[in-house]
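Topology and contacts: notes
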Amino acid sequence: MIAILAALALQSAPPYLQFMEEAEALGRAAYLGGVCAGMGIVETDEGALQDLADDFIRRATIARTDGPVLDGALQSGIQREKEAVALMMDLGPDDGSARRRQREDQAAEYFGKGCADLTLDYPEAFKLPAEN
């Protein structure tokens, strides 16, 4: 019963909230996509990425949810991902310690999962590089 009520609440949520969540996700994906491409983990189709952004803006405009708050959500997503990347890239001193190895494992997990998720969530814009 609670699950049904929760599902109904989500369906009745104003589209504005859904667009804010999508804007933040797009901001995070755009930033992480650049990092993943720089590491050679994914290839980015810049045109397809721009098409995703353009489509989002058009849908938000049709729903009358566009504006500075939505732009803020996009920028928030970029900033959150930028901070997460900085955190994961901070491996500490290269001293072979258990702490360093743990941080390396965490970074590998974060980037591995995050970069792979880009190819699943936005397959038109991100793909794994072809093996030679």
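Residues numbered from 1 in each chain as written. Predicted model: local features only at pLDDT ≥ 70, side-chain atom pairs only at ≥ 80, totals over all residues. Heavy atoms only, no water.

Let's shift gears to the side chain of Glu-81. The topology assignment puts Glu-81 in helix H4 (residues 68–89). Here Glu-81 is in contact with Arg-28, Tyr-31, Leu-32 and Tyr-110, once residues within four sequence places are set aside. (Helix = DSSP H or I, 4+ residues; strand = E, 2+ residues; numbered from the N terminus. Contact = heavy atoms within 4.5 Å.)

Soluble globular proteins tend to bury their nonpolar side chains together. In terms of nonpolar packing, the biggest core is built from 24 residues, with Leu-32, Phe-111, Leu-118, Tyr-122, Ala-125 and Phe-126 touching the most fellow members. For this core, the secondary-structure elements that each account for two or more residues are helix H2 (15–38), helix H3 (46–62), H4 and helix H5 (98–121). Ranked by residues supplied to this core, first place goes to H2 with seven residues. (Core = buried A, V, L, I, M, F, W, Y, C linked by side-chain atoms within 4.5 Å. Buried < 20%, exposed > 50% of the residue type's maximum accessible area, 1.4 Å probe, protein only.)

This part takes up the packing of aromatic side chains. As enumerated under the stated definition, the model contains three aromatic pairs in all. A centroid spacing of 5.5 Å and a plane angle of 85° characterise the contact between Tyr-110 and Phe-111, whose relative ring orientation is edge-to-face. Exposure remark for Tyr-110: the relative accessible area of 24% places this residue in the partly exposed category. Its relative accessible area of 4% is what places Phe-111 among the buried residues. Arranged with centres 6.5 Å apart and planes meeting at 75°, the rings of Tyr-122 and Phe-126 form a pair that is edge-to-face. (Phe/Tyr/Trp six-rings, centres within 6.5 Å; stacked < 30°, edge-to-face > 60°.)

Following the criterion strictly, the structure yields nine salt bridges and no others. For the salt bridge of Arg-59 with Asp-55, the shortest nitrogen-to-oxygen distance reads 2.8 Å. Taken together, the residues span about one helical turn, with Arg-59 and Asp-55 both in helix H3 at a distance of four residues. The class for Asp-55 is partly exposed, based on a relative accessible area of 38%. The shortest N-O distance in the salt bridge between Arg-103 and Asp-90 comes to 3.8 Å. You can see Arg-103 sitting in helix H5 and its partner Asp-90 sitting in the loop between H4 and H5, a full 13 residues away along the chain. Of the residues examined, Arg-103 reaches a relative accessible area of 23% and is grouped as partly exposed. Connected through salt bridges with shared partners, the residues Glu-22, Asp-55 and Arg-59 form a single ionic network. (Salt bridge = Lys/Arg side-chain N within 4 Å of Asp/Glu carboxyl O.)

Any link to function would need more than the numbers given here.
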